[in-house]
Structures are given as structure tokens and as C-alpha cells.
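Descriptive analysis of the structure
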Amino acid sequence: MYGVGLVKGMGVTIKHFVNTYVDDLRWFGRRYYNPEAFAVRQSPQAQGIFTVQYPEEKLIMPEEFRYIPFLIYDELEDGTRQDRCTSCGICAKVCPPQCIWIVRSDDPETGRPIPEPSEFFIDIDICMNCGLCSEYCPFEAIRMDHDYEISTYDRFSENIYNKEKLDKPASFYAAVRPLNYAIDEAAIAEKVAKKAAKEAARKQRQAEKDRKTDE
Amino acid sequence: MTDKESPQVEGTTREPDSLEQHFPGILTPDEREGFDGYLVAPDKLTEFATRLRDEFGYDYLSSVTGVDYLPDEVMEVVYHAYRIEGGPALVFKTQVPRADPVVPSLVGVWPGADFQEREAWDLLGIRFTGHPNLRRILMWEGFEGHPLRKDWHEAYFEEDAKPFANRWPEGDVYRIEDKIPFGKNVQYPSEFTPEGWIPEGDEGLYAGLGQISNDGDGSSLKTDQLVVNLGPQHPSTHGVFRMVVTLDGETVTDLKPVMGYLHRNHEKIGERNTYIMNMPYTDRLDYLSSMSNNFGYALAVEKLMDIQPPERAEYIRVIMAELTRIVSHLWAIGFLLNDLGAFFTPALYAINERELILDVFEAVSGSRMMCNYFRFGGLARDLPPGTLQTIRELIFERLPRRVDELDIYLTENEIVRSRCIGVGVLSPEKAVAFSAAGPVLRASGIPYDVRRAEPYGIYDRFDFEVAVRYGGDVYDRYLVRLQEIRESIRIVQQAVDDIPEGEIQTGKPIFQVRVPAGEAYGRVENPKGELGFYVVSNGKPNPWRYHIRAPSFINLTALAEMCKGHKVADVVAILGSIDIILGEVDR
């Protein structure tokens, strides 16, 4: 019969319309501005419309969410900052839109490169948030941020991030991406252990050598 | 590599020797290291192509492109032809001098070559004699030079290949606008003034439209031909896309699509990039299906490098590619209804479900749309904990219900039926001739799906049906998409049940992969149709040629054919049923 399809379709629309109110009742009118309800509203169990009341409500970023990169420094016990970055330049080389500029530090006396950057720029107008820099960084020094609210009034002066603006403490990293942080810490610990083992082996060999020459 | 590929060629042509024997003096095997297929003399090309189509059954021309071999002073045109029953490609090439590249057009043999030859003319300056309407297609008329030529440099030119030298170790940070200020960043031909320019390209465009004359013979009214521009700024075009239609009353008599408003010369960027840098750029082609775009590019480069991803990575790839198909088809169905005038209610019901899948993508890859998740020989990272469970909930419970709901909501709707059934019919013969791909081809009764015709990844392990319909109209394209969502759900259900534990990357992840010299064509069944990546390597860190066979772009070749004889309002529905993405059309 003509019109049956239309009526059925309207039935679906009505169901969608009613669903939201049913869901609201289920939460006793606390469907919005309620973290618990919000988590359900954004999951496969969601019923009814799932509009996010931004900025009062914000989506929970998954760990892997990536936005503009930042640089990590470790806070040493005496309070000084130590950059993890060694200015090896891999991030600048792998960056698809080439938005990273690094100035390598040179020892003022010998003129030989030392492993830390004197300048580090990222033009965030060009950055495409692909995350390749953090993926291929061999020193766990550059990682992707979660902060997406970075609009500015002047793109010329504020959108080239310098080292000061990019630098974040390791504790910040641990807060934003706890799982990745744990993986990185394990990797660093492994590297340190390897280095120590190598050092120990070298010393032992040296000692043996010394003993042999003594004999 | 050549040895490995040769049995495939045997499979296509039965005996490769016989093909050469059939075309004595015309055909020579391409014997360059890492290359494949045959070289054909340009003056014999039309004869060869006609016989290839009629006697050997290669009725589907998938890809036409050019390669600029600057050091050899040679311009090469590469063709990939298929049999519509399935099987690997027959690759043939023709070489002409770079200074005067003239190749006979194959539009007469395979009408699907139309836009692709125009693209090769536009970007590489290869002249196709006998082409009915050889005008620029992506660049504007009056543009100087052919930008994909290796010696052509853009206004903001820095270096021929990335990484650029001034980024490290002495980072010289500056804005390119400071060095080349606005106003000096465009090159014009010497006699050209922007103010005095009259767009003569449009003259050619309008002249190419079919003319009608109806002076009224007493039995009918005298009518004038009316030319209407739909777009570039038009809500129905899904982006910046223009259709020039000639009307007889309200009936469309001819149509020409005009594109390139979003052109950024993706392929030139790709040839500047290193191999890994291209991965995030492929996301931006068909931005609704970035995971499958990644898949196609990864396949092409993996073919060149001769590596295989591990089992777990293969399964995750299939899961992601199929979820992408669901996302893209939901969007296509929703927006088809928008184009029919059901403003946004159906679209939002579809987008609602899409959003949940995008959450999965975000958790897995870090981004909802620009996923950048595939790597050569594997994936960027393993699935985070809990994701597989979310996918299970979606794929076993929510999505099947919601697709059924969409089915009840739309399929029997009388308005949808009367607007869609019998509108924009593309016959099977025409669909093959115009190189249509994806749902457009399958709705015309051709059960051609790359996942079946030439399985890639691990698609040969899954049980699924190729959705096919026989009406070839807008309604059937809608039904094919709905059916494909169901089949994709089936594939993901099988994949999440079988997924093994293990590594997700072959070897160590390296940022500068070594790709041996040669060529490779990786193709995948994208939601929009066959997406192909033709990559030529010369052993350097950057690809020598990086070409994309964009399904949305090539599906538009058949648009005029579908629209003729229908009303203006139907043009909008027909365009919606092809489901174009301008990021991919314009590249």
C-alpha cells in the first residue's frame, strides 16, 4: 500500500525523538553535565542524541590522541632541567611538511657539536599533527600533546613555537599520556642498563688487561 | 622482483609469448630492472589497444598516467588494463620524446581514458591526438607550464627533495611569505595580465557542450538552449565542484564537470617527500576513508620493497579498512538523502554511528580522520587495550541493528523510491567502458570487487559476498552501499574472532626506508571504488613518480552519461549517488 514505507520511516524518527527523553528519565534528568552519563553517552551503549555540550562538557581524549608536539625535559635533583633532545635532527628529517627547525649546539671552545639543541622551532601553522616526529625519535624526547585549544589572535607572532614554549617537564608527559610514559620509562631504563652493562664489561676487560700486563 | 611477478603475467595472458607473437614488431617486453609489462610503439598504440580489448578481453582500462623520465629525455605513458572477470593487470607503456610528447588518444577504445588523458596533458604536457576535448582539467586555462614535469618549479620552491637542508643543523626559521611576499608568489605567462584576463577556457568548455536546436515545427514550442552553472559554490556538490549543464526546458541535454578548485598537486608533493612522509598525505585524499588510503599506499611500497606485514597487522589492517568502508558508506547514504531534500535528519542518524567508529580510530591511531596508521611492513602501533572490546560491541550488537533501522527507515520510503528508481541509469557496458569503479560499477550489474578480483592482504580468507545490483540507477547504488555495510560487518566479525597475538611490524621501524628501483601498482577496493597507487622508484629516498588512480575522479567520467535526459534536480541526486570526495577528485 502506498505510504507504508513513509509511515514506517516516521516511526523510526519518532523512536529517535523519544529515545533521548527516555534516556534522560533513566538518568533522573541528569543526562547532561554528569560525567557518568557522559561516558555512557559517548559509548556504543548510547541512546538518543549524543551532542556534547562544549565547552562545559569535553570529550575525553584517548591516550593516543595527537596534537602539536612538545619537548620533554627531565628535572634533575638539583633543580636543573635536562633536555632529552640531543638535536640529532631525525624529527626534522622525517617531518612531512618540514615544520621543524633545529639549531644544534656547538661547544664554544672546541667547536664540536654537543648533544643538546640551542634552538628548536615548530611552525604550528604548518604542522599536520601526523606524529611521525614522536614515533621516530630515538631519545623519547618529542611527544604529541593533547591540548587542542590553541587558537591565537596573531598568527605571525604566536604560531611559531620556540623551545621555551615547547618545553614541558616529564611529569606533564606522565599526566597526559600515562601508558606511553610507562613504555618510554621502561625503554629508557633498558638503555641505561645496557649502557651500564657495557661500561662494566669494558671496565672488566680493562682490569683483565691491566692484570695481564702486570703479570 | 621481475621473476616473482612473471607467473602473474602468465596467468593474465595465458602465455606471454603468445601476446608478443600476436603483435610482432609492436610489442617488446619492458626489460628495465624492476619493471614489468610491455612497451608499445606509439603509432601502433590504437591498433594494439583495440585488439587487446576485442581479442583478449581487456575491457576495463583502470589507470592512465605519464611519467617524466627527465634524465633520459623520455616521456612515458603507462596504462593498466584489466579483464572485468578478474585477474591481475596487463601493463603496457609507450615512450615518446620529452620535447614533443604526442601519443594517440585511447578515448575511442576505452572512453574511461577521457579525464585521465586530460590530467596527463594538464600536469605533464603529453598531447593526446584524437582526444575529443583535450583541455586542462585540474589547473586553470592559462596556467603556464605543466607542473608535474621534473623541471617545473612552484613559486614557493625550496628544494627538489625533502628533507630540506636549512632545517637542521642550522635551523633557519622564516615564513615563506616573508621571502616571497603575496603578489609575487604567482607566475604568469609573460604577456599575461591578471586584470585583463578573460577566461577563454570557459569558451572552450561551453563550445564542447552538445548543442540543441528546437525552432518549433508547429507541434511543439520553440525553445532556447539554456546553460546553467551548478557550482562551484553549491550545497549539492559536496565541496567546490562545478557542473555546467545545458538544458532543454528542465531536461539536461549535456553536462560537463569542472574540477580542480581544491587542487594542490598532491603528486608533486609526493615526489618531493620521502616514502614515509607520503603516508599522512594519503589521509588527505579521500578524507572519509584515510585508513584504506593508507592501505593502498602501503601495499604499493611493500610490493617494491618485497616485504610482508605480520599476521596480526594484516588482521588489524582488514578491520580498519572495513570499518572505514562502513564509515564512508554511512556518510554517502546520509548525504544522498540530503541531496534528495531530506535535510540532515537521515544524515545525522548515519553520522551518529559513524562517530562511534571514529572514536575507535582516534583511540587506535590518534586521530579521527587523518589516521596515518599504516607503515611499510606493518602498523604504527598495536591496538590499545580495550579497543578490540569496543569494536566487538559495535560490530556484533550496535551496528547490525542500526543498519537494519536505516534499511527500514529509507529503503521502502515512497519518496526515496520515486526520486531514485530509474534515475541516472548506467548500463553495464557503459559502466565498464567509462572505467567506473566501486558501488557505481557494482550497481550496474558488474560484480567486480578488487577484494575478490585480485585479493590483497588477507581478503582471500574471509567469507563475504560482493554486493551487486542490476538496475544501475541511484536506488541500486544506495542498496549496494547498504549491502556492503552488512558485508563489511561480516568481515570484521570474522576478523576480530580470528585475530592472532603477535608482532605488528616486520623488522624495526625505520624512518628512511630503502626502496629498490622499479615500479609497483598497489590497488585496493576503497569505499568509492578502486584506489590505485602507481609508484616508481629509482632507488633514492624519494619516489620518482607517485600517481594516484582516484576513484571519485574517474567515476565522474560517467556523470554526463548518467545525467542526460533527466531533470536538473536529478543531477544533484545522481552526483550524490556517485559519492565523490573533492579531496580526491582534485588532489
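Residues numbered from 1 in each chain as written. Chains lettered and ligands numbered in written order. Predicted model: local features only at pLDDT ≥ 70, side-chain atom pairs only at ≥ 80, totals over all residues. Heavy atoms only, no water.

Each aromatic ring pair is characterised by the separation of its centres together with the angle its planes make. Taken as a whole, this structure holds 27 aromatic pairs over all chains when the rule is applied. Each ring, one from F115 of chain B and one from F553 of chain B, has its centre 5.9 Å from the other, and the planes form 45°; the classification is tilted. Highlighted residues: F115 of chain B in helix α4 (residues 113-124) and F553 of chain B in helix α18 (residues 551-555), separated in sequence by 438 residues. For the pair F115 of chain B and F553 of chain B, one class covers both residues: buried. Look at Y297 of chain B and F533 of chain B: their rings are 5.7 Å apart centre to centre, the planes differ by 55°, and that puts the pair in the tilted class. With Y297 of chain B in helix α9 (residues 290-305) and F533 of chain B in strand β14 (residues 529-537), the pair connects residues that are 236 residues apart, well separated along the chain. Given a relative accessible area of 0%, Y297 of chain B falls into the buried group. The exposure class of F533 of chain B is buried, given its relative accessible area of 0%. Put simply, the rings of F295, Y315, Y373, F374, Y456, Y459 and F462 of chain B pair up and form one aromatic cluster. The ring of W168 of chain B carries K93 of chain A above its face, with NZ or CZ at 4.6 Å from the centroid. Sitting over the face of the ring of Y69 of chain B, R32 of chain B holds its NZ or CZ atom 5.4 Å from the ring centroid. (Phe/Tyr/Trp six-rings, centres within 6.5 Å; stacked < 30°, edge-to-face > 60°. Helix = DSSP H or I, 4+ residues; strand = E, 2+ residues; numbered from the N terminus. Buried < 20%, exposed > 50% of the residue type's maximum accessible area, 1.4 Å probe, protein only. Lys NZ or Arg CZ within 6 Å of the ring centre and 35° of its normal.)

Across the contact, 54 residues belong to chain B and 55 residues belong to chain A. Together, the buried faces of chain B and chain A total about 4700 Å²; carbon and sulfur atoms form 58% of this surface. Of all residues in chain B, the largest losses of buried area upon contact with chain A belong to R167, W168 and R175 of chain B, amounting jointly to 17% of the total for that side. Joining chain B to chain A, the criterion identifies three salt bridges. (Contact = heavy atoms within 4.5 Å. Buried area = accessible area lost by both parts, 1.4 Å probe. Salt bridge = Lys/Arg side-chain N within 4 Å of Asp/Glu carboxyl O.)

A word on helix α1 (residues 4-26) of chain A. Residues that lie three or four places apart on an α-helix share one face, since the helix turns once every 3.6 residues. Between its first and last C-alpha atoms α1 of chain A spans 32 Å; for 23 residues at 1.5 Å apiece the expected length is 33 Å, and the two agree. Listing the buried residues of α1 of chain A in full gives G5, G9, V12, H16, N19, T20 and D23 of chain A. Against α11 (345-365), α12 (387-410) and α13 (414-420) of chain B lie the buried residues of α1 of chain A. Residue F28 of chain A follows α1 of chain A closely and has a positive phi angle near 50°. (Expected span 1.5 Å × (residues − 1).)

Turning next to the domain arrangement of chain A. Splitting chain A by domain gives domain 1 (1-58) and domain 2 (69-176). Averaged C-alpha coordinates put domain 1 of chain A and domain 2 of chain A at centres separated by 43 Å. (Domains from an automatic or database assignment.)

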